[in-house]
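An overview of the molecular structure
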Amino acid sequence: MVQVAVLGYGTVGSGVVEVIETNKADIDKKAGTHLNVKYILDLRDFPGDPYEEKVVHDFNIILNDPEISVICETMGGNEPAYTFSKNALLAGKSVCTSNKELVANHGPELLRIARENHCNYLFEASVGGGIPIIRPLNYSLTAEKIDSITGILNGTTNYILTKMDKEGAGFDEVLKEAQDKGYAEKNPEADVEGYDACRKIAILSSLMKGKNVDYKTIYTEGITKITKEDFIYAGKMNHSIKLLAMSRDTEAGFLAMVAPFMISKEHPLYSVSDVFNAVYVHGNMLGDSMYYGRGAGKLPTASAVVSDVVDCARHPGKTIMCFWDDEDITLTDIADVKHRFFVRVSALKKDEAIAAFPSASELNAGVDGEYAFVTDNMTEKEFDEKLAAIGGAINRIRMAD
């Protein structure tokens, strides 16, 4: 029997207990042993809950119980999740987490501690919710040299952009609707400014390179400047706008970034709508593969946590290999990266725009008072210098390859 403790009895933590109890027969069969939730750690009591007798308030009860071999950390945030996870691993107890913030901040250290103590630190649920992507990168694609990863990694922003695209609504209007439906937090900054997607692409990029990609060094741009007029132009080009998190090898070096991009109908991520996520991976031998599903939510995320618990149960006393070293990768300067750009300026600046971007393609979508165009491929530095020369733009959005 494998005794399990769950840290945090919120949305994901309660989902972990529900998945284990609901699918008990199948899970036990796949694990090759019986899984039992012995403790649930939370500051609160849960009178009337079916598992209220399992709730404890002191982590040391869990840490000092020799029967506990696997801990599900679903607390979120950096502390006390970091201290609890580190102490559990030092005690030889495996930790399975959905906590992207903690993984992005301390992944290499916690993986090293797990190796040193013959246990595991697993984090399938930290990226893409229930979408299997960490395990494929670690196991299924080990014969590949992964050279690019591009993903829609945040369901809230994808929902907002989908609604703006399909209904012609403004950002503020759709954000409020997303908050009313529970898709967006009361403070949506982490989602709409791209910080959530940034942490997730940092994790995927680190696994891709086998070294640490510090999320704080990743160029990150959110969706707050996207307007319904941008979607009018996008529709004219048979494009849509998505918040993409990407990493890839380029001539200038290794790139990782998060930003809105215009993507064509031929792009594999074009049809990823609503709260769904997808990760598009290119390997030098396999070519393209894509992983799609619900990127968040109670049960999809909990399912991924429990899949890690099953992995731990299958490998008692053994460390499942994960190649993510402490050495930091230096990212290429965003100024040296090349893109085409969609640009909107005041109609009064048309002549200046044509002079600054003489080979650009004009785009007329019937928006009064504006002149719009798509540039040739150029570095961000060159583009910024040309744009500054004409006094800036109403908006500009990068074009996906």
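These notes cover the structure that comes with them. Quick caveat, the model's predicted, so the values are computed rather than measured. (Residues numbered from 1 in each chain as written. Predicted model: local features only at pLDDT ≥ 70, side-chain atom pairs only at ≥ 80, totals over all residues. Heavy atoms only, no water.)

1. Some remarks on the side chain of Asn158
Assignment of secondary structure puts Asn158 in helix 7 (residues 155-167). Within the local environment of Asn158, its side chain forms a polar contact with the backbone oxygen of Asp274, the two atoms lying 3.1 Å apart. In terms of polar contacts, Asn158 uses its side chain to reach the backbone carbonyl oxygen of Phe276, at 3.2 Å. Setting aside residues up to four positions removed in sequence, Asn158 forms contacts with Ile152, Lys242, Val272, Ser273, Asp274 and Phe276. (Helix = DSSP H or I, 4+ residues; strand = E, 2+ residues; numbered from the N terminus. Polar contact = N/O pair within 3.5 Å; in protein donor to acceptor, adjacent residues only side chain to side chain. Contact = heavy atoms within 4.5 Å.)

2. Examining the pairing of strand 4 (residues 68-73)
Most of strand 4 is tucked away, with five of its six residues classed as buried. The sheet contact formed by strand 1 (residues 2-7) and strand 4 spans five bridges and is parallel. Among the inter-strand pairings, Gln3 is bridged to a residue of strand 4, identified as Ile68. You can see the chain leave strand 4, run along helix 4 (residues 81-90) and come back into strand 5 (residues 94-97), and the turn it takes is right-handed. (Buried < 20%, exposed > 50% of the residue type's maximum accessible area, 1.4 Å probe, protein only. Pairing = 2+ DSSP bridges. Right-handed = clockwise from strand over helix to strand, strands pointing away.)

3. As for helix 2 (residues 24-31)
Ile27, Asp28 and Ala31 are the residues of helix 2 that are buried. Buried residues of helix 2 fall within an arc of 95° about the axis and therefore sit on the same side. Residues Ala25, Lys29 and Lys30 are exposed on helix 2 and point more than 90 degrees away from its buried face. In this structure, the buried side of helix 2 is in contact with helix 1 (11-22), strand 2 (35-41) and helix 12 (298-314). Immediately beyond the C-terminal end of helix 2, within one or two residues, lies Gly32, with a positive phi of roughly 80°. (Arc of directions from axis to C-beta.)

4. Some remarks on helix 1
Residues spaced three or four apart along an α-helix face the same direction, because each turn holds 3.6 residues. With twelve residues, helix 1 extends 16 Å from end C-alpha to end C-alpha; this agrees with the ideal 16 Å at 1.5 Å per step. When we look at burial in helix 1, the residues that qualify are Val12, Gly13, Ser14, Gly15, Val16, Val17, Val19 and Ile20. (Expected span 1.5 Å × (residues − 1).)

5. Considerations on the sheet that holds strand 4
Spatially, six strands are ordered 3-2-1-4-5-6 in an open sheet, and the strand pairing comes out parallel. Among the strands making up the open sheet, the edge pair consists of strand 3 (55-56) and strand 6 (121-122). Inspection of the sheet shows strand 2 paired to strand 3 by two bridges, in the parallel sense. For Leu41, the partnering residue across the bridge sits in strand 3 and is Val56. The strands touched by helix 1 within the sheet are strand 1, strand 2 and strand 4, with strand 2 carrying the most contacts at an inclination of about 160°. Against the sheet, helix 12 touches strand 1, strand 2, strand 4, strand 5 and strand 6, its axis set at about 160° to strand 5. (Axes fitted to C-alpha atoms, helices over the stretch in contact; angles between N-to-C directions.)

6. A short note on unusual backbone geometry
Following Glu79, the chain continues to Pro80 via a peptide bond in cis, the omega torsion being 5°. As for its placement among the helices and strands, Pro80 is situated in the loop between strand 4 and helix 4. Unusually for a residue other than glycine, His118 sits at a positive phi of about 55°. Relative to the assigned elements, His118 resides in the loop between helix 5 (100-116) and strand 6. Looking at His118, the relative accessible area reads 54%, which means it is exposed. Residue Asp274 is not a glycine yet carries a positive backbone phi of 60°.

7. Section: the pairing of strand 13 (residues 338-346)
The side chains of a regular strand alternate between the sheet's two faces. Inspection of the sheet shows strand 13 paired to strand 16 (residues 378-379) by two bridges, in the antiparallel sense. Following the sheet pairing, His339 is matched in strand 16 by Met378. Pairing geometry for strand 13 and strand 15 (residues 370-374), over five bridges, is antiparallel. The residue bridging Val345 from the neighbouring strand is Tyr371, located in strand 15.

8. Description of the pattern of salt bridges
On inspection of all chains with the given rule, the structure shows 25 salt bridges. Linking Glu167 and Lys163 is a salt bridge whose minimum nitrogen-to-oxygen distance equals 2.7 Å. Highlighted residues: Glu167 and Lys163, both in helix 7, separated by four residues, approximately one helical turn. Overall, the relative accessible area of 15% leaves Lys163 in the buried class. One salt bridge connects Lys211 with Glu327, and the closest N-O pair in it is separated by 3.7 Å. Placement of Lys211 in the loop between helix 10 (195-209) and strand 8 (219-220) and of Glu327 in the loop between helix 12 and strand 13 is noted, with a sequence separation of 116 residues between them. (Salt bridge = Lys/Arg side-chain N within 4 Å of Asp/Glu carboxyl O.)

Functional significance is not addressed by these values, which are geometric in nature.
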